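Structural overview for review
If you want the building blocks of each chain, they are given just below.
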Amino acid sequence: MQLHELVNTFGQDLKQRHGQKIHKLSIHGAFTCPNRDGTLGRGGCTFCNVSSFADESAQQLSVVQQLLARRDEVTRAKRYLAYFQAYTSTYAEVEYLQRMYEEALSVSDMVGLCVGTRPDCVPDAVLDLLASYQARGYEVWLELGLQSANDKTLHRINRGHGYAAYADAVERAHRRGIKVCAHLIVGLPGEVPMDSLDTLHRIVETGLEGIKLHPLHVVEGSTLGKAWLAGRLEVLTLEQYVEAAVAMIQHTPPEVVYHRISASARRPTLLAPVWCENRWTAMANIASELARSGAQGQRLGRPFSLAGCIA
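Values in this document were obtained by computation on a predicted structure and should not be read as measured data.

1. Section: the environment of Cys181
Along the chain, Cys181 turns up in strand 5 (residues 179-186). Separated by 36 residues in the primary sequence, Cys181 and Gly145 place their C-alpha atoms 8.6 Å from one another.

2. Brief notes about the pattern of salt bridges
If charged atoms from side chains of opposite charge come close, those side chains can pair. Inspection of the entire model under this criterion finds 14 salt bridges. A salt bridge links Arg17 to Glu139, with the shortest nitrogen-to-oxygen separation between them at 2.6 Å. Residue Arg17 is located in helix 2 (residues 10-18), and its partner Glu139 is located in strand 4 (residues 139-147); the two are separated by 122 residues in the primary sequence. Note that Arg267 is salt-bridged to Glu277, the shortest N-O span being 3.5 Å. With a gap of 10 residues between them, Arg267 in the loop between strand 8 (257-260) and strand 9 (270-272) and Glu277 in the loop between strand 9 and helix 11 (279-293) connect regions that are remote in the sequence.

3. Some words on the side chain of Lys212
Within the secondary structure, Lys212 sits in strand 6 (residues 210-215). Judged by relative accessible area, Lys212 falls into the buried class, the value being 4%. Within the local environment of Lys212, its side chain forms a polar contact with the side chain of Tyr83, the two groups lying 3.0 Å apart. Excluding residues that lie within four positions of it along the chain, Lys212 makes contacts with Lys24, Tyr83, Glu143, Cys181, Ala182, His183, Leu184, His259 and Arg260.

Rules used in this analysis
- Residues numbered from 1 in each chain as written.
- Predicted model: local features only at pLDDT ≥ 70, side-chain atom pairs only at ≥ 80, totals over all residues.
- Heavy atoms only, no water.
- Helix = DSSP H or I, 4+ residues; strand = E, 2+ residues; numbered from the N terminus.
- Salt bridge = Lys/Arg side-chain N within 4 Å of Asp/Glu carboxyl O.
- Buried < 20%, exposed > 50% of the residue type's maximum accessible area, 1.4 Å probe, protein only.
- Polar contact = N/O pair within 3.5 Å; in protein donor to acceptor, adjacent residues only side chain to side chain.
- Contact = heavy atoms within 4.5 Å.

What follows is the structure in structure tokens.
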């Protein structure tokens, strides 16, 4: 079976609603982060080295230049979403944000915006701005980097906020009709098997429209990278991640859209686990296990259980 037959994927959801394939184009808006510039702290979250997923050289180009360059690389779609991915893409004055977002939407065949940010960096004025684009008929997603609903874990990874900040941001976004996608990391330091499912339960209970799921990447230049090099950090095996991801997907309501069920990072930035070099490996294994044991939502209403994972 194909993955989209087992999981409510973002690509399939967009195709059903827009009538054609929509491709997401990642861009760098030259934003920083309050957990890096000294407002909340310096050095960022312990897992963070944004170069693991963002091209730092891209910020030398304008938003339009980035989108045009990335659009030229895409051959399987003719309409697009502008994805402000790197760092905290709402961490600026509203006037600056409006200029960035309007520039992105000025590119032809752009159907909307995906904005990646922190739960503690979405004031009402920013939400009002995003809601204004939705009112104009654009697709708008607010992507909130939560990582875990466990406040002890959030403190351990130096996140700089607790779950309450996430719940508040979701409530205010939903009040304006803005769709929310939560980013979650499986395998964070100190997490036990049930923590991933507990996090899933809390975000579903709070309410959301999308989830991005991926394993912990240990990357060069991060605090966790130093711990791994010193032999003080264990990482997930592929089998452990697949087991956790499958259990989470099967406990997720079918209407919730999975924007991602795995992710990859490039060497030499990626230190561990090695299998994270290719996200398709995990995705294929997850699809195979879902086909065997049941698709998204299969275990709703059953007690949460997860055996032998994330020791």
